[in-house]
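A look at the structure
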Amino acid sequence: YFANAKIGGTSAIKIKVLQPFILYCTRFALSLHPKHKIQNKMAQEDVFKKIVSHCKEYGFVFPSSDIYDGLAAVYDYGQNGVELKNNIKQYWWQSMVLLHENIVGIDSAIFMHPTIWKASGHVDAFNDPLIDNRDSKKRYRADVLIEDQIAKYEEKIEKEVAKARKRFGDAFDEEKFRATNPRVIEHQQKRDALHERYTEAMNKMDLNELKQIILDEEIVCPISGTRNWTDVRQFNLMFKTEVGSTADGASTIYLRPETAQGIFVNYLNVQKTGRMKIPFGIAQIGKAFRNEIVARQFIFRMREFEQMEMQFFVKPGTEMDWFKTWKKTRLAWHEALGFGDECYRYHDHEKLAHYANAATDIEFKMPFGFKEVEGIHSRTNFDLSQHAKFSGRKIEYFDPEENRSYTPYVIETSIGVDRMFLSVMCHSYTEEKLENGETRVVLKLPAALAPVKLAIMPLVKKDGLPEKAHEIMNELKFHFNCKYEEKDSIGKRYRRMDAIGTPYCITIDHDTLNDNCVTLRNRDTMEQTRVAISDLRSLIEDKVSITSLLKKIQ
């Protein structure tokens, strides 16, 4: 307005001199406005939408039953997605059973005796506290709404600390600032009071108090923006089905909500047949099923999902030392992927499960905030003791060194394959501005996890170049996953390989027929070097093998 009008007789041309300053002041003022925070949140949501779209467009994840308009919270993995998913599982499996002589694997059945779930507590206690908003008709987990509110107070504190750190530089005393700054103290008091009240309500499972907290904190529905909430109620997450050839003879069983119980009921089988000595672990990868009412955020929370779990059996009294050890071990597994330490954090549970005496989550920084990808739990001897009680079998370990029998304690590490898949995709998705002004979308996947390790491209589809390319592929395909590409220009082929995260491409040109060399292109740097065909395997194999990751955590 000022830059394009006459004010007090002053010409608009003179006023335009002030335009850059006015524009700067306007942008600064807008950055302080609450709407700016909404815009930042929307930007993160836009990135996440792009990732979801990218997953479908490039064969990573499809909506299940897509031609029938899909099925909510159920997804299928495409040709590139299943390769990435299998590589994640292979990385986990080998890190457990290859790097630890005292850990073995099993594969238990999805259908299990129904009494198992009574013994484990799932029949009586596997519930979510749910609340509805009457205006939006949307359903939410009450505990998640409150935990998000706690996180908002923590974010406000961190923003104050970050501003002060930037203002004072090296002279900044963070501990003193947190203890003396009025705004930080106010936010911390609100956070602590809410945390204490929430923890007490969850431990008592006081549904009325959970609703009252939501009302007192003025938590609104993200859709309607209102606080018109229903009462909080419990909902059991297990799927039921029937086994039997006739209706009269059928018995009710459950689809397993976790893979852990398959390990516990096989404890005696594995320990005796494997002659295992305490401490030892049993690992398993398998499907689990939960009737999630609040399924959201793509594959982050689904009704059918896959788990990688390891139960580590230890002598009573040593469990907390092992708990700390496995916390460090599992975080190192994640950090070996090279995403940066700042992408991970520990989060201690506010409410312990009925079987645990300690629990910590490893959270990853998703586009929608820090979210759990793995849990480490000290499960005490609850599970083995319960199965001994309900089965009537003696489930103990005879310790020859102490000449006594006892029920082992258990340290559990449990990671969701699908959540791990999503965290890898979210961190790897990159939009880069190139020197020529173009933008490329590239998945900077860890090379060992990439679906395709090497793309083999003849420059043209004639003159013997395709034949030479196939010859190279037939030699290398036994060592790592290769893909042959000859359609479109070489530039478009590079872009396709960037989009699915292929770390290396080689181009076979006319000189290859004479010097037996190819052009090797690096995905991340786009650098191209001339290398001998005979050197390709040694140059690439070590960089793209799971072994390259395992060596970082050994």
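Residues numbered from 1 in each chain as written. Predicted model: local features only at pLDDT ≥ 70, side-chain atom pairs only at ≥ 80, totals over all residues. Heavy atoms only, no water.

1. Considerations on the confidence of the model for the protein
In the predicted model, the protein carries a mean pLDDT of 88, and the fraction of residues at 70 or more is 90%. Confidence drops under pLDDT 50 across residues 1–16; counting only partners more than four residues distant or on other chains, this segment forms 14 contacts. Counted against residues more than four places away or in other chains, residues 30–42, with its pLDDT under 50, gives 3 contacts. (pLDDT = per-residue confidence, 0-100. Contact = heavy atoms within 4.5 Å.)

2. Concerning the side chain of Gln-261
Checked against the element boundaries, Gln-261 lands in helix 11 (residues 260–264). Contacts of Gln-261, omitting those with residues within four sequence positions, involve Met-112, Ile-116, Trp-117, Ser-120, His-122, Arg-379, Asp-383 and His-387. (Helix = DSSP H or I, 4+ residues; strand = E, 2+ residues; numbered from the N terminus.)

3. A closer look at helix 15 (residues 417–428)
End to end, helix 15 covers 16 Å across 12 residues, agreeing with the expected 16 Å (1.5 Å per residue, within 8%). Turning to helix 15, its buried residues are Val-417, Asp-418, Arg-419, Met-420, Phe-421, Leu-422, Ser-423, Val-424, Met-425, Cys-426 and Ser-428. (Expected span 1.5 Å × (residues − 1). Buried < 20%, exposed > 50% of the residue type's maximum accessible area, 1.4 Å probe, protein only.)

4. Section: the environment of Thr-525
Inspection of the secondary structure assignment puts Thr-525 in the loop between strand 22 (517–522) and strand 23 (528–532). Judged by its relative accessible area of 44%, Thr-525 is partly exposed. Along the chain, Thr-525 and Pro-503 lie 22 residues apart, while their C-alpha atoms are 10.0 Å from each other.

5. Observations concerning the layout of surface pockets
Counted as a void, the second largest pocket has a volume near 280 Å³. Along the wall of the second largest pocket there are 13 residues; nearest its centre are Val-265, His-387, Ser-391, Arg-393 and Ile-395. For the lining of the second largest pocket, the secondary-structure elements that each account for two or more residues are helix 5 (114–120), helix 12 (267–273) and helix 14 (382–391). When its residues are assigned to classes, the lining of the second largest pocket shows 6 nonpolar, 6 polar and 1 charged. (1 Å grid on protein atoms, 1.4 Å probe; cavity = no way out; pocket = protein on both sides within 12 Å on 5 of 7 lines; lining within 4 Å. Points joined across faces, edges and corners; volume = space filled by probe spheres on them. Nonpolar A, V, L, I, M, F, W, Y, C, P; charged D, E, K, R; others polar.)

6. Observations concerning the sheet that holds strand 4 (residues 127–132)
The strands that make up a sheet are held in pairs by hydrogen bonds between backbone atoms, and each pair lies either parallel or antiparallel. Strands sit in the order 5-4-6 across an open sheet of 3 strands; the sheet is antiparallel. A strand with exactly one partner marks an edge of an open sheet, and here the two such strands are strand 5 (139–141) and strand 6 (233–236). Going across the sheet, the axis of each strand differs from the next one's by a mean of 45°, ignoring polarity. Where strand 4 lies against strand 6, 4 bridges are found, and the strand directions are antiparallel. Opposite Asn-127, over in strand 6, you have Asn-236 as the bridge partner. The sheet contacts of helix 7 (residues 142–168) involve strand 4 and strand 5, and relative to strand 5 the element is tilted by about 65°. Relative to strand 4, helix 10 (residues 207–216) is tilted by about 45°, and along the sheet it contacts strand 4 and strand 6. (Pairing = 2+ DSSP bridges. Axes fitted to C-alpha atoms, helices over the stretch in contact; angles between N-to-C directions.)

7. A look at the side chain of Thr-519
Mapped onto the fold, Thr-519 is located in strand 22. Among the polar contacts made by the side chain of Thr-519, one reaches the side chain of Arg-530 at a distance of 3.1 Å. (Polar contact = N/O pair within 3.5 Å; in protein donor to acceptor, adjacent residues only side chain to side chain.)

8. Thoughts on the nonpolar core
A general feature of soluble globular proteins is that nonpolar side chains tend to end up buried together. Counting 65 residues, the largest nonpolar core has Phe-60, Leu-84, Tyr-91, Trp-92 and Phe-421 as its most contacted members. Tallying contributions element by element places helix 15 first for this core, with 7 residues. When residues no more than four places from it in sequence are discounted, the contact partners of Trp-92 are Ala-283, Gln-284, Ile-285, Met-308, Glu-309, Met-310, Arg-330, Trp-333 and Ile-415. (Core = buried A, V, L, I, M, F, W, Y, C linked by side-chain atoms within 4.5 Å.)

9. Here's the deal with the packing of helix 4 (residues 79–97) against helix 15
With their axes 10 Å apart at the nearest point, helix 4 and helix 15 run at an angle of 110° to one another. Relative to helix 15, the element helix 4 is oriented roughly perpendicular. When the axes of helix 4 and helix 15 are compared, the crossing they make is right-handed. Mapping the contact onto sequence places Gly-81, Leu-84, Lys-85, Ile-88 and Lys-89 in helix 4 and Val-417, Asp-418, Met-420, Phe-421, Val-424 and Met-425 in helix 15. (Parallel < 35°, antiparallel > 145°, perpendicular 65-115°, else oblique. Left-handed = near helix turned anticlockwise from the far one by under 90°.)

10. Examining the sheet that holds strand 22
Pairing is mixed across the open sheet formed by 5 strands, whose spatial order is 20-19-21-22-23. Two strands close off the open sheet at either side, each with one partner strand: strand 20 (482–484) and strand 23. Pairs of neighbouring strands in the sheet enclose a mean axial angle of 30°, with direction left out of account. Relative to strand 22, strand 21 (residues 504–508) runs antiparallel, the two sharing 4 bridges. When the bridges of strand 22 are listed, Ile-506 appears paired with Leu-520.

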